[in-house]
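Structural features, examined
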Amino acid sequence: MSDFASLNLLPSILAAVTKQGYTTPTPIQGQCIPHLLNGRDLLGIAQTGTGKTAAFALPILNRLAKNKIKTKPARVRSLILTPTRELASQIDANIKTYGKGLNLFSTVIFGGVGPRPQIMAMSRGVDILVATPGRLLDLMGDGHVLFEQLEVFVLDEADRMLDMGFLRDVKKIIAKLPKKRQTLLFSATMPDDIARLATSLLKDSIRVEVTPEEKTVEKIDQKINMVDRSNKPLLLKNILEDQALKSVLVFTRTKYGADRVVKHLTRASIDSAAIHGNKSQGARERALGGFRTGKVRVLVATDIAARGIDVSDITHVINYDLPNDPKSYVHRIGRTARAGRDGVAISFCDQTEVKLLKDIEKFIRFQVPVDKTHAFHGVAPHISKSAPANRNGKRSFNKNSNRNFNRNGQKSKNGERKKDS
Ligand code: AMP
């Protein structure tokens, strides 16, 4: 597929896409849009970053605009279910951008904020509703969202729905949808539960699979920084002092860890913000907004909060902690190679994380190079000022502290890594 003009979209959609600077459809757009315009069901195996939002949003807008009907109160013509509030907001924002001038009405429903404005928005009926499952079920229960006029249903990030424990809610919602409809299911991976769901939901569907995850990973310049756990804050500060790192997403394993990293960076006069589930919706949106516009150079996030963050210019991803699940590693570093861009991913690995690193390398089938040139490679544990002094009034390292460790978790005195087995 060479350009958008050949896709047979309405002129105003074409104009909106051109205004966004999109010249050629991404592979998933090229493969999905013609079938979706023909009303086919679709199974899309693709992760965020591939352009999948436009792949489903453009045909939906085209369909609803070509056949305008008045929505009755509380009715929706198209429902897009997605797992997180951030994704829901982003999809709705994209729909508003692509649908400018079509005179269609879209709205978004998610938890963590008061329901009143959402109920008000629904009262007139909407053409496109983007929602997370929990709040949608609540509003459905109270009769604020009804589906008799539904034509198109999109289940986005189905595997993540499963991971986050939303599958039951999703099934409850699906049970209320009219049987006659167009259905689209997107998932980055295909665990058995999702494959079964796809079989039960889709009729005569086409299957589109784009860029296996490993391929995306290959484009990213990855490195491992072996570092003692206590030196991680100093290493991060050291790396971030280089202003060439323009837009950096730092991942921590826990919400508490994310806050602690921000505290360290603030002390070092490096501007940063944290985004995680304990933050209010307003704080998350402010942090994300600041990051998107470049006001905040460093965003510190946990996996779930960062899922699907749509910021296209992230230059660096730093894994302050390695994730427990190798798939999360792929999702994390994929934030920096969106829409065909390259990026850099630096992963810190301390003694306790060597096993996690091995699991990741097995999963991505690639041994990530170790950067031995960084300032803390083989440096003894950092002793904080509050560390207890010994009898002579001096702070001391433990007897292994001047040793290095290698990826097998084995210590080596001279700082050389032993060859991996
Ligand atoms: P998505 O996978 O939908 O989250 O999209 C990832 C990023 O790619 C977003 O920032 C989109 O604005 C951008 N994008 C989507 N389609 C295109 C396209 N055809 N050309 C260039 N950028 C695109």
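Refer to the structure above for everything that follows.
Below is a summary of the structure that appears in this document. Keep in mind that what you see is a predicted model, and the values were worked out from it rather than measured. (Residues numbered from 1 in each chain as written. Predicted model: local features only at pLDDT ≥ 70, side-chain atom pairs only at ≥ 80, totals over all residues. Heavy atoms only, no water.)

Let us now look at the overall build of the protein chain. Each helix and strand counted, the protein chain has 16 helices and 15 strands in total. Taking all 421 residues of the protein chain together, 53% fall into the buried category. The long-range fraction of contacts in the protein chain, counting pairs at least 24 apart against all pairs at least 6 apart in sequence, stands at 75%. Element-wise, carbon and sulfur atoms account for 51% of the exposed surface of the protein chain, whose accessible area totals about 19,400 Å². (Helix = DSSP H or I, 4+ residues; strand = E, 2+ residues; numbered from the N terminus. Buried < 20%, exposed > 50% of the residue type's maximum accessible area, 1.4 Å probe, protein only. Contact = heavy atoms within 4.5 Å. Areas by Shrake-Rupley, 256 points an atom, 1.4 Å probe, with all protein chains shown as cover.)

When helix H16 (residues 354-364) is considered as a whole, its buried residues turn out to be Val 354, Leu 356, Leu 357, Ile 360, Glu 361 and Ile 364. The arc enclosing the buried residues of H16, seen along the axis, measures out at 155°, which places them on a common side. Pointing more than 90 degrees away from the buried face of H16 are the exposed residues Lys 355 and Lys 362. Once H16 ends, the next one or two residues include Arg 365, with phi positive near 50°. (Arc of directions from axis to C-beta.)

Because side chains alternate across strand E9 (residues 248-251), one face comprises the buried residues Val 248 and Val 250, and the other comprises Leu 249 and Phe 251, equally buried. Two strands pair when backbone bridges link them, and E9 and strand E11 (residues 298-301) are joined in this way by four bridges, in the parallel orientation. Bridge pairing links Val 250 to Val 300 in E11. Pairing analysis gives four bridges linking E9 to strand E12 (residues 316-319), with the strands arranged parallel. Among the inter-strand pairings, Val 248 is bridged to a residue of E12, identified as His 316. (Pairing = 2+ DSSP bridges.)

Every one of the 16 residues lining the ligand counts as a neighbour, but Tyr 22, Gln 29, Gly 49, Gly 51 and Thr 53 are closest to it. Lys 52 is positioned such that a nitrogen or oxygen atom in its backbone is 3.3 Å from an oxygen atom of the ligand. When the ligand is considered free in solution it has 500 Å² of accessible area, and contact with the protein chains removes 85% of it. When its residues are assigned to classes, the shell around the ligand shows four nonpolar, nine polar and three charged. (Near = heavy atom within 4 Å. Polar contact = N/O pair within 3.5 Å; in protein donor to acceptor, adjacent residues only side chain to side chain. Nonpolar A, V, L, I, M, F, W, Y, C, P; charged D, E, K, R; others polar.)

As a further point, take the pattern of salt bridges. Enumeration according to the criterion identifies 21 salt bridges in this entry. Two residues, Glu 353 and Arg 253, come together in a salt bridge whose shortest N-O distance is 3.0 Å. Separated by 100 residues along the polypeptide, Glu 353 in the loop between strand E13 (343-349) and H16 and Arg 253 in the loop between E9 and helix H12 (255-267) bring together distant segments of the chain. Here Glu 353 falls in the buried class, since its relative accessible area comes to 1%. Put simply, Arg 229, Lys 232, Arg 253, Asp 321, Asp 350 and Glu 353 are held in one network by salt bridges that share partners. (Salt bridge = Lys/Arg side-chain N within 4 Å of Asp/Glu carboxyl O.)

Where helix H4 (residues 85-98) meets helix H13 (residues 281-293), the closest approach of the two axes is 11 Å, and the angle between their N-to-C directions is 55°. Relative to H13, H4 is oriented oblique. At the point where H4 passes H13, the crossing takes the right-handed sense. Note on element contacts: H13 touches H4 through Gln 281, Arg 284, Glu 285, Leu 288 and Arg 292, opposite Arg 85, Glu 86, Ser 89 and Gln 90. Each residue belonging to the contact of H4 with H13 can be placed in one class, and the counts come to one nonpolar, three polar and five charged. (Axes fitted to C-alpha atoms, helices over the stretch in contact; angles between N-to-C directions. Parallel < 35°, antiparallel > 145°, perpendicular 65-115°, else oblique. Left-handed = near helix turned anticlockwise from the far one by under 90°.)

A few words now on the sheet that holds strand E8 (residues 220-226). By way of backbone hydrogen bonds, the strands of a sheet pair with one another, either parallel or antiparallel. The six strands lie next to each other as E8-E13-E12-E9-E11-E10, forming an open sheet whose pairing is parallel. At either margin of the open sheet sits one strand with a lone partner, and together these are E8 and strand E10 (272-275). Going from strand to strand, the sheet's axes swing by 20° on average, the running direction of each strand aside.

Strands sit in the order E3-E4-E2-E5-E6-E1-E7 across an open sheet of seven strands; the sheet is parallel. A single partner strand is all that each edge strand has here, and the edge strands are strand E3 (106-109) and strand E7 (206-209). The mean inter-strand angle of the sheet, taken between neighbouring strand axes irrespective of direction, is 15°. With four bridges connecting them, E3 and strand E4 (residues 126-131) associate as parallel partners. Each bridged residue has a counterpart across the sheet, and for Ile 109 the counterpart in E4 is Ala 131. On top of the sheet, H4 reaches strand E2 (76-81), E3 and E4; it is set at about 175° to E3, its chief contact.

This next bit is on the nonpolar core. Note on soluble globular proteins: their nonpolar side chains tend to be buried together. One finds Phe 56, Leu 58 and Ile 80 to be the most contacted residues of the largest nonpolar core, which totals 38 residues. For this core, the element with the most residues is helix H3 (residues 52-66), which contributes nine residues. (Core = buried A, V, L, I, M, F, W, Y, C linked by side-chain atoms within 4.5 Å.)

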